[in-house]
Amino acid sequence: MPGLGRLGRFALGLVSLALGTAAQAQEKPVPPLVFTGIPDQDESRLVERFGKVATYLEGKLGVPVRYIPVKSYPAAVTAFTNGQVQLAWFGGFTGVQARRAVPGSQAIAQGAEDAAFKTYLIAHAGSGLEPTKDFPKAIAEKTFTFGARASTSGRLMPEYFIRQAFPGKNPDQVFARVGFSGDHSRTIQLVQSGAFAVGAVDYSVWDLDTKAGKVDPKAVSVIWESPTFPDYQWTVRGDVDLTYGAGFTEKLKGALVGVTDPAILEPFGRSKFIPVTNAAYEPLVEVGRSTGLLD
Amino acid sequence: MPAESRAEIVLENAAASYGGRTVLSGLDLTVRAGERVALMGRSGAGKSTLIGLIQAQAPEKVALVPQAAALVRTLSVFHNVYMGQLDRRSTLHNLRNLVRPAKADIAAVQRILDRVGLADTLWAKAGELSGGQQQRVSVARALYNGRPILVGDEPVSALDRQQGARILAELAQNHETLILALHDVALALAQTDRIVVLEAGRIVLDAPAQNLDPARLSPYYEAA
Amino acid sequence: MQLARPRPGYAAVSRWFLAAALAGLLVADLHVTTLHPWADLARLLDGLARPDFPSVEGWSVVYTVAFAVLGVGLGAGSGLLLAIPFARSRTIRLACAGLRAVHELFWALLLMQVFGLSATTGMLAIALPYAGICAKVYAEIIEEADLAAIRVLPVGTGTVSAFLYARLPEVAGRMRDYTLYRLECGLRSSLVLGFIGLPTMGFYLESAFRQGRYAEAGALLLVFYALIGTRRLWIRGWTVPLLLAAAPLALPPAIGNAAISASLARFLGHDIVPTPLRGAALAEPETWARLWSWLRPILTDQILPGTIQTLILAQIALAATALGALVLFPLTAKRFAGPLGRPLGRVLLVVVRSTPEYMLAYVCLQLLGPSMLPAILALALHNAGIVAYLMGRHADAIPYRADAPRGLNLYAYETVPRLYGQFLAYLLYRWELILRESAIFGILGVTTLGFYVDAAISELRLDVAVVLIAATALVTVAVDALSRGLRRSLRIDTLPTRLSGPAPVAG
C-alpha cells in the first residue's frame, strides 16, 4: 500500500522538522528561563504560586520566564538533569538528587522556614493515638502512608525517624501496611478519611490546608512533631551564567531573596526567601545514605 | 395408510426465493399423519428449501435431521444427542448435565446410540468422529427428540445402502410421520410409501411408492 | 498421525487457568483501603452525568490526536519496513519482541530522561512499541496472504519489486484496517501518557481525578469517548495524509529544550550503566564480583517478588476477563439480545473497551486504594469488553440448525461450545497484553514489577530501573511464547485473535 510508505517518509520528515525547530529555538538570542517545582500538593495551588513567580522573575531579570508543570518528583529532577529547566523549587532530598546529578548546580535560596523544617505525624481520630513529645512508638502495627517516594518531609525524614525508633526494622516490617500517597494534600485526605491510620506530612502544607478549611480537626490531628531538618530550596543549573551572562546566578538569587509581595509568598507558605548554599543540605545526604535511598 | 387421518403438513401455493431467484413456486403439498414421504429430485431442485418450509410449518411437532450434521464438534456425542430434548428439560437440569450428566439421561442416550450402531462412542468428541458416524449422531439426536414428524434432509447420505435402510427403519419405528429428502431411488422405494419429485421448484410427480419403479423415476435423475 | 501423544483439551487448559487464578486469589492482596468507595463512586458518576465541558482544555484534545497520529505513523512506517525481513531475520524478530514487550509508559519514562517533557518523547514512546507490534502483525498478514501471484513472477525479480507487485496489493486492505485500528490504540496510549506529564488529555484527567473535580473529569472522558466513537468518520484512508500533515503543526510548543546530545550521552554512558561498572576496570574479576553483589538483591528483593505479583495479578485478571466475557457477549449477539438490546449492548462494550485500562486502574485505585482488587477490576472490565465484543460477532456468524434451542440452552449447548476454541484463542492472546498492563500498574501502587521501577526512578537509580524493565520484557516474552505454545497444542493457533480482523463469515 503506497499510503503506508508515504506515511513512513512523512513521519521521518516530521521528526527532523521537530528536531529542527528545537535547534532553531536554541539559536535565539535569549532562550526563556524555564523552571519547575516538585508537585507536592494540590495542583491548583502550584499553578497559582508558580504563575506569580514567573511574572515576578520576568520583571526582575529581563528574560522570558516559563513554568513547566510536572506530574511527579522524579520528573522534576529529570527535567533539571536533562537541561529542560534551569531552575527548580525542590524539596530537600530531590534537591540533593538533582545537584548530585548536575555538577556545578547550586542551591541559592530557601524559605525562611526551610532552615528548620518539620514533619508532622498525623493520625485518624479512630486510631486512639494521642499527641506525644517523644516519637510515638504506638504507631507500630497501624496502617501508615508516606507522601511521595522522593519527598523529604513525607518520606525521607519520617523513614529515618522510624528506623531510629525501631532499630533494625524497615517501615514494611513496622507497620501493618505502608502506602505512598503521592503528595501531602492527598496524605491528609487519606488519613482524614481513615483509609490510613497514620501519615507523615509536610508541616507547611498541613498549615496551608488547615487555613484553607480542608482539614477536619475532629477526624485527624497532629500526634508528633519531628526534630528540624533543612528542606525546600531553589536550585539553579551551573550553566545559566553562560547562557544569560556572567553574574546571572547572583542576580537570580537577589531577585528571589528580594521577594516581599505576600501574594507570592503566601501560596508557598513562606514568610520570605533567604540565601542558602549546598552545604546546608549535607545532613540530608547522610540521612539518604542511611535509609538506602542514596548510594 | 388411512385416507381420513389428519393432515399434519399443509402447504398451499407455497413459494420461496433466495436473493431474487425463485426456488419454489406454486407448490401444494399435504402430508397426513402416518405417511412416509420421500422428497426426490436433482440437486438444486428445491428439496432443502421445501424441507425448511415443512419444518417451519409445525416446529413444535418436528424432529429434524439437517443436511449438514450440525453437531457441536467440541461436545461429546452424549451431549449432542441429549440436545434433542433440551427444550423439554429445565434449564437448570440442562446446565447440570453439561458438567455432570444424570444417570437416567446417560442410559436413555445410550439406548438411542445402540439403535444407530454407535454404542461405543458415548463420550467421544463429536468432531473426532467420521462423517458417517457424525450423521448417525445427528439421526440419534432426532430419535431422542422423538417428536412425531421426522423431517430429514438426506439423513443417510453418508452411509452405505444397508446401513441406511436400517437407520430409516429405526426412524420409521420411532416417528409417526416421515418426510425425507433422499437421492437413493432404491432406498426411497423400499423404505417409504409416497414419492414426491421436485423439478425446478415445482412438484412434477406425487405417487404411492408401490405404483413406481426405478425406471419410472430415472428421467428425473438423468443428466444430473 | 491421529494417535500421537494425548494433548491437553479445552477443558483441561481452562481448568488449569481457573485453578491458578483461584490459587492466586488466596495469596493476593485484595484489601479495600479507602473507607468510602461508594460515596466517591457516586460523586464520579454524578460528574459523568453532569459534565463540565467549558473546563476542558481544548488544546489537550488536539495534542492527544497529534501525538497519536505521529506516533502511530512513525511506528507503522518503521513496522512496515521491519516486516519485510521479519520472517527471515531472527535478529529483527528479537528486536521487535523487545520493542513491544516494553510498555509505552516505560518507554516514556526512559525517553523523558533524554528528550524531556516534549513532543519527541510522546511521539517516540508510542512509535517504538508500535513499530514492534506492527512489524509482527504486518509480517503475519504478509505470511497469510495468497502466494499464487508470487509464484508466477519471472525468475530473478527483485525482493522489493516482488513485494510491491505480488504481495502488497494482496495485503494492503488488511494492513490498512490494522493500521487504522492501531490509531485507535494510539489515541488511548496518547491519553495515558498525560498521566506522567505530557500535555495530553490524561494530564488534565489525572489532575481532575486526584483533586476530585469529577465534573471536569467526566467532561474529558465524554470528549474522549466521542473522539473514539467517531473515529470511523475522521480516520479514513484519505484523511490519513491530512492528519499526518496537520499533526506536526498542532504539536505543543516546546517549553525549554533538553540538551539532547549531552543527555543522551549521559543516559547511555552513565545513568543506565550498572553502578559497579561505571568507570571500573572491566578486566578485574573484582568488578564482576561487585556487579553480582549489586545485582543479587535486585533479583531477590525486587524482580522475584515483583514477577510473582505481576503473574498473580495477570492470572486473576485473565480468569475474571474470561468470566466477564462469557457473561457479557450475549448482550451483543442477535439470538440473545434482540433488536433493541443489541445496539445498547454494543454501545456498552465499545465504551468499556475504549476506556484505557491504565486510566480505569487509576480511577479504581483512587476509589479503592492500592491493592490488587482495583487492578483486577480495571483489567477485567477492559478486556472482557473487548473479548465479549469479538465473541458477539462470532456468535452472530454461527449457522445454527433450524431447530436449535433458545436462550440459556442455546448458549450452553451450542453457542459457547462452538465458540470455545475461538474464546480460548482470544484469551490466550490477551494473556500477554494483560501481563504487560499488570506490570505497569505498579506505577499506581500495586506491588507488581512497575512498583519497583517507579521506586528506582524516584531514587534516580536508572540502572536499576533498566534492569527491572528488561526483566519485565523477558517475563512478557516468556508468557507470549507459552501462550503461543498452548494455542498450537490446542490447535487454535490459526484462529483470529486481533480486534481489527475482518468480521467472521458464516460457515
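In this text the structure is predicted, and so the values were computed from the model without any measurement.

1. Things to note about the overall build of chain C
Inference 1: Along its length, chain C carries 20 helices and zero strands.
Inference 2: Relative to the 2.2 N^0.38 estimate, which gives 23 Å for 507 residues, the radius of gyration of chain C is 24 Å and therefore close to what a compact globule would have.
Inference 3: Taken over 507 residues, chain C has a buried fraction of 57%.
Inference 4: Long-range contacts, defined as pairs at least 24 residues apart, comprise 79% of the intrachain contacts of chain C with a sequence gap of at least 6.
Inference 5: Averaged over its 42 positive side-chain charges, chain C has a centre that lies 9 Å from the centre of its 30 negative ones.

2. Digging into the nonpolar core
Inference 1: In this structure, Leu 33, Leu 57, Trp 234 and Leu 252 of chain A together with Phe 209 and Phe 441 of chain C are the most contacted members of the largest nonpolar core, which totals 255 residues.
Inference 2: Setting aside residues no more than four positions away along its own chain, Leu 57 of chain A makes contact with Gly 62, Val 65, Leu 87, Leu 252, Ala 255 and Leu 256 of chain A.

3. Overview of the pairing of strand S1 (residues 7-18) of chain B
Inference 1: Looking at chain direction, S1 of chain B and strand S2 (residues 21-32) of chain B are connected through eight bridges and run antiparallel. Within S2 of chain B, the residue paired with Val 10 of chain B across the bridge is Thr 30 of chain B.

4. Concerning the sheet that holds strand S4 (residues 62-65) of chain B
Residue and element names in this part refer to chain B.
Inference 1: The strand order across the open sheet formed by six strands is S4-S5-S6-S3-S7-S8, and the pairing between neighbours is mixed. Only two strands of the sheet have a single neighbouring strand rather than two, namely S4 and strand S8 (202-208). Across the sheet, the mean angle from the axis of one strand to that of its neighbour is 15 degrees, orientation sign disregarded.
Inference 2: When S4 meets strand S5 (residues 149-153), the two strands line up parallel, connected through four bridges. Each residue of the ladder has a partner; that of Leu 64, found in S5, is Val 151.

5. Quick look at the interface of chain B and chain C
Inference 1: Opposite the 18 residues of chain B that make contact, chain C presents 12 residues.
Inference 2: With both chains or domains summed, chain B and chain C bury close to 1,400 Å², and 62% of this area falls on carbon and sulfur atoms.
Inference 3: In this assembly, chain B and chain C are joined by zero salt bridges.
Inference 4: At the boundary of chain B and chain C, one finds four residue pairs in polar contact (both at pLDDT 80 or more).
Inference 5: Elements represented by at least two residues in the side of chain B that touches chain C include exactly helix H2 (77-82) and helix H3 (91-99) of chain B.
Inference 6: The element contributing the most residues to the side of chain B that touches chain C is H3 of chain B, with five residues.
Inference 7: Partitioned by chemical class, the residues of the side of chain B that touches chain C number 11 nonpolar, six polar and one charged.

6. Considering the domain arrangement of chain A
All names here are of chain A.
Inference 1: As assigned here, chain A comprises domain 1 (33-115 + 231-291) and domain 2 (118-225).
Inference 2: The gap between the C-alpha centroids of domain 1 and domain 2 is 26 Å.
Inference 3: At the interface, 24 residues of domain 1 touch 22 residues of domain 2.
Inference 4: For the pairing of domain 1 and domain 2, the buried interface totals around 1,700 Å² over both sides, and the portion due to carbon and sulfur atoms is 57%.
Inference 5: Of all residues in domain 1, the largest losses of buried area upon contact with domain 2 belong to Arg 45, Tyr 73 and Thr 291, amounting jointly to 30% of the total for that side.
Inference 6: Our count for the domain 1 to domain 2 interface comes out at two salt bridges.

7. Looking at the sheet that holds strand S5 (residues 119-124) of chain A
Residue and element names in this part refer to chain A.
Inference 1: Read from one edge of the open sheet, five strands run S7-S6-S8-S5-S9, paired in mixed fashion. Edge strands, defined here as strands with exactly one partner in the open sheet, are strand S7 (177-180) and strand S9 (220-225). Across this sheet, the average inter-strand angle for adjacent strands is 30 degrees, counted without regard to direction.
Inference 2: Bridge count between S5 and strand S8 (residues 198-202): five bridges; the pairing is antiparallel. Its bridge partner being in S8, Tyr 120 is matched across the sheet by Val 201.
Inference 3: Those strands touched by helix H5 (residues 152-165) are S5, strand S6 (143-146), S7, S8 and S9, and its axis lies near 135 degrees from that of S6.
Inference 4: Along the sheet, helix H7 (residues 184-193) contacts S5, S6, S8 and S9; its crossing angle with S8, the most-contacted strand, is approximately 150 degrees.

8. Remarks on empty space enclosed by the protein
Residues and elements named next belong to chain C.
Inference 1: Taken as a whole and assessed by the stated rule, the structure comprises two cavities of 30 Å³ or more.
Inference 2: Here the largest cavity defines a volume of roughly 530 Å³.
Inference 3: Around the largest cavity, the lining is made up of 28 residues, and of these Arg 182, Cys 185, Arg 430, Leu 433 and Arg 436 lie nearest the centre.
Inference 4: Of all the secondary structure elements, the ones that give two or more residues to the lining of the largest cavity are helix H6 (119-144), helix H8 (159-193), helix H16 (357-368), helix H17 (372-397) and helix H18 (407-440).
Inference 5: Among the elements that take part in the lining of the largest cavity, H8 stands out by supplying seven residues, more than any other.
Inference 6: Of the residues contributing to the lining of the largest cavity, the split by class is 13 nonpolar, four polar and 11 charged.

9. Here we look at the interface of chain C and chain A
Inference 1: With 57 residues of chain C in contact, the opposing surface of chain A contributes 50 residues.
Inference 2: The junction of chain C with chain A conceals about 4,500 Å² of combined surface from both sides, 60% of it contributed by carbon and sulfur atoms.
Inference 3: Along the contact surface separating chain C from chain A lie five salt bridges.
Inference 4: Measuring nitrogen to oxygen at the nearest pair gives 2.9 Å for the salt bridge that ties Arg 210 of chain C to Asp 183 of chain A.
Inference 5: Our enumeration of links across chain C and chain A arrives at 22 residue pairs in polar contact (both at pLDDT 80 or more).
Inference 6: Sorting the residues of the side of chain C that touches chain A by element identifies helix H3 (58-86), helix H5 (104-115), H6, H8, helix H9 (201-210), helix H12 (239-246), helix H13 (260-271) and helix H19 (449-458) of chain C as the ones contributing at least two each.
Inference 7: Considering every element that reaches the side of chain C that touches chain A, the biggest residue donor is H3 of chain C, with six residues.

10. Thoughts on the packing of aromatic side chains
Residue and element names in this part refer to chain A.
Inference 1: Counted under the stated rule, the structure contains 45 aromatic pairs over all chains.
Inference 2: Considering the side-chain rings of Phe 268 and Phe 273, the 5.4 Å spacing of their centres and the 85 degrees angle between planes classify their relative orientation as edge-to-face.
Inference 3: Phe 268 sits in the buried class, given a relative accessible area of 1%.
Inference 4: Here the aromatic residues Phe 35, Phe 50, Tyr 67, Trp 89, Phe 117, Tyr 120, Tyr 203, Phe 229, Tyr 232, Trp 234, Phe 268 and Phe 273 are joined through ring pairs into a cluster of three or more.
Inference 5: Taking the ring centre of Tyr 203 as reference, the NZ or CZ of Lys 118 above it sits at 4.9 Å.

11. As for the environment of Ala 455 of chain C
Inference 1: Inspection of the secondary structure assignment puts Ala 455 of chain C in helix H19.
Inference 2: For the pair Ala 455 of chain C and Ala 314 of chain C, spaced 141 residues apart in sequence, the C-alpha separation works out to 21 Å.

12. Description of H6 of chain C
Residue and element names in this part refer to chain C.
Inference 1: Taking 1.5 Å of rise per residue, the 26 residues of H6 would be expected to cover 38 Å, and the 36 Å separating its terminal C-alpha atoms lies within 8% of that figure.
Inference 2: At Tyr 130, H6 shows its largest kink, close to 30 degrees.
Inference 3: Of all the 26 residues making up H6, 22 are buried; the element is thus mostly covered by neighbouring parts of the structure.

13. Digging into the side chain of Thr 310 of chain C
Residues and elements named next belong to chain C.
Inference 1: Here Thr 310 is to be found in helix H14 (residues 285-328).
Inference 2: Judged by its relative accessible area of 1%, Thr 310 falls in the buried class.
Inference 3: A distance of 2.6 Å separates a polar atom in the side chain of Thr 310 from the backbone oxygen of Gly 306.
Inference 4: If we ignore the near neighbours within four places in the chain, the residues touching Thr 310 are Leu 435, Ser 438, Ala 439, Thr 448 and Leu 449.

14. Side note on the arrangement of the chains
Inference 1: Summarising the chain contacts, two pairs of chains touch, and the pair with the most contacts is chains A and C.
Inference 2: One finds no contact linking chain A with chain B; the least C-alpha distance across the pair is 35 Å.

15. Details of the packing of H9 of chain C against helix H10 (residues 214-229) of chain C
Residues and elements named next belong to chain C.
Inference 1: Contact geometry for H9 and H10: axes closest at 8 Å, N-to-C directions at 150 degrees. Taken together, the axes of H9 and H10 are roughly antiparallel relative to one another. Seen from above, H9 lies across H10 with left-handed handedness. Touching Met 201, Tyr 204, Leu 205, Ala 208 and Phe 209 of H9 are Tyr 214, Glu 216, Ala 217, Leu 220, Leu 221, Val 223 and Phe 224, all from H10.
Inference 2: Residue composition of the contact of H9 with H10, grouped by class: 11 nonpolar, no polar and one charged.

Definitions and cut-offs
Residues numbered from 1 in each chain as written. Chains lettered and ligands numbered in written order. Predicted model: local features only at pLDDT ≥ 70, side-chain atom pairs only at ≥ 80, totals over all residues. Heavy atoms only, no water. Helix = DSSP H or I, 4+ residues; strand = E, 2+ residues; numbered from the N terminus. Rg over C-alpha atoms; globule rule 2.2 N^0.38 Å. Buried < 20%, exposed > 50% of the residue type's maximum accessible area, 1.4 Å probe, protein only. Contact = heavy atoms within 4.5 Å. Lys, Arg positive; Asp, Glu negative; His and termini not counted. Charge placed at Lys NZ, Arg CZ, Asp CG, Glu CD. Core = buried A, V, L, I, M, F, W, Y, C linked by side-chain atoms within 4.5 Å. Pairing = 2+ DSSP bridges. Axes fitted to C-alpha atoms, helices over the stretch in contact; angles between N-to-C directions. Buried area = accessible area lost by both parts, 1.4 Å probe. Salt bridge = Lys/Arg side-chain N within 4 Å of Asp/Glu carboxyl O. Polar contact = N/O pair within 3.5 Å; in protein donor to acceptor, adjacent residues only side chain to side chain. Nonpolar A, V, L, I, M, F, W, Y, C, P; charged D, E, K, R; others polar. Domains from an automatic or database assignment. 1 Å grid on protein atoms, 1.4 Å probe; cavity = no way out; pocket = protein on both sides within 12 Å on 5 of 7 lines; lining within 4 Å. Points joined across faces, edges and corners; volume = space filled by probe spheres on them. Phe/Tyr/Trp six-rings, centres within 6.5 Å; stacked < 30°, edge-to-face > 60°. Lys NZ or Arg CZ within 6 Å of the ring centre and 35° of its normal. Expected span 1.5 Å × (residues − 1). Bend = angle between axes of the 7 residues up to and from the residue. Parallel < 35°, antiparallel > 145°, perpendicular 65-115°, else oblique. Left-handed = near helix turned anticlockwise from the far one by under 90°.

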